[in-house]
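# Coordinate inspection notes
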Amino acid sequence: MGLPRAIVRRWLRRRRASRPQARGRGQVQVQVFEALGREASSFSVGDAIEHLPVDEAGHIRAGHFDENPAGIRRWSPMGQLAWMSDGARIPGLSDCYALNVSGTAAWACPYTDYCALLLR
């Protein structure tokens, strides 16, 4: 047996706002740490986050529930918004019911249609 192909180099920490008025764009919700524990980046991914998986390339996907119509978004490890589902014209995506990653792709199940979507 050899070593696993993927070696964890970064850690992700998600923080929830303790007060409703503290939520929003300006608040840090995601912290990315290097393997030695130093913070590499921190940023906000918006409100109403239901899912926050990270793919093998380090991209962070945020699946939002119905309080935030943003649907699904992909962020770089440094906090740059890379993709938004609202521009993809996915029918029935008003809530991200399930979200998982495999390699560098993501699988999602949107409410109201409950279909399986492959997002690359």
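Residues numbered from 1 in each chain as written. Predicted model: local features only at pLDDT ≥ 70, side-chain atom pairs only at ≥ 80, totals over all residues. Heavy atoms only, no water.

Looking at the secondary structure, you find Ser42 in strand β3 (residues 39-43). Residue Ser42 is classed as partly exposed on the basis of its relative accessible area, which comes to 32%. As a C-alpha pair, Ser42 and Gln29 span 13 residues in sequence and 7.4 Å in three-dimensional space. Residue contacts for Ser42: discarding those within four places in its chain leaves Val28, Val30 and Gln31. Among the polar contacts made by the side chain of Ser42, one reaches the side chain of Glu39 at a distance of 3.2 Å. (Helix = DSSP H or I, 4+ residues; strand = E, 2+ residues; numbered from the N terminus. Buried < 20%, exposed > 50% of the residue type's maximum accessible area, 1.4 Å probe, protein only. Contact = heavy atoms within 4.5 Å. Polar contact = N/O pair within 3.5 Å; in protein donor to acceptor, adjacent residues only side chain to side chain.)

Right, let's talk about the sheet that holds strand β4 (residues 49-51) for a bit. On the basis of which strands lie adjacent, the open sheet formed by four strands has the order β4-β5-β6-β7 and antiparallel pairing. Single-partner strands in this sheet number two, and they are β4 and β7 (81-84). Mean inter-strand twist for the sheet, computed between neighbouring axes without regard to direction, equals 35°. For β4 and strand β5 (residues 60-64), the ladder comprises two bridges, and the chain directions are antiparallel. In the sheet register, Ile49 faces β5, and the bridge partner there is His64. (Pairing = 2+ DSSP bridges. Axes fitted to C-alpha atoms, helices over the stretch in contact; angles between N-to-C directions.)

Let's shift gears to the pairing of strand β6 (residues 72-75). Pairing of β5 with β6, which is carried by four bridges, proceeds in the antiparallel orientation. Paired with Ala62 across the strands is Arg73, a residue of β6. Sheet topology note: the β6/β7 ladder contains three bridges and is antiparallel. Bridge pairing in β7 places Arg74 opposite Trp83. Between β6 and β7, which pair antiparallel and follow one another directly, the connecting turn spans five residues, one of which, Gly79, has a positive phi of 95°.

Of the pairings in the sheet, the one linking strand β2 (residues 30-34) to β3 comprises four bridges and is antiparallel in character. Paired with Val30 across the two strands is Phe43, which belongs to β3. If you look at the hairpin formed by β2 and β3, you'll find four residues sitting between the two strands, and Gly37 has a positive phi there, around 95°.

Time to look at the nonpolar core. In this structure, Val30, Val32, Ala40, Phe43, Val45, Ile49, Leu52, Ile60, Ala62 and Trp75 together form the largest nonpolar core, which totals ten residues. Of all elements in the fold, only β2, β3 and β5 reach the threshold of two or more residues within this core. Judged by nonpolar contacts, the second largest core, of nine residues, contains Cys96, Ala106, Ala108 and Leu119. (Core = buried A, V, L, I, M, F, W, Y, C linked by side-chain atoms within 4.5 Å.)

Evaluated as defined, the whole model comprises two salt bridges. Glu34 is the partner of Arg38 in a salt bridge, and the nearest nitrogen-oxygen pair spans 3.3 Å. (Salt bridge = Lys/Arg side-chain N within 4 Å of Asp/Glu carboxyl O.)

Here the focus is the confidence of the model for the protein. Looking at the protein as a whole, the pLDDT averages 78, with 78% of positions reaching at least 70. Contacts for the low-pLDDT stretch residues 18-25, under 50 throughout, to residues beyond four places or in other chains number seven contacts. (pLDDT = per-residue confidence, 0-100.)

Let us now look at the sheet that holds strand β8 (residues 95-102). Spatially, β8-β9-β10 is the arrangement adopted by the three strands of the open sheet, whose pairing is antiparallel. Looking at which strands have only one partner, the edges of the open sheet turn out to be β8 and β10 (117-119). Each strand of the sheet is rotated relative to its neighbour by a mean of 30°, with strand direction disregarded. Judged from the three bridges that link them, strand β9 (residues 105-111) and β10 form a sheet pairing that is antiparallel. Bridge assignment links Trp107 to a residue of β10, and that residue is Leu118.

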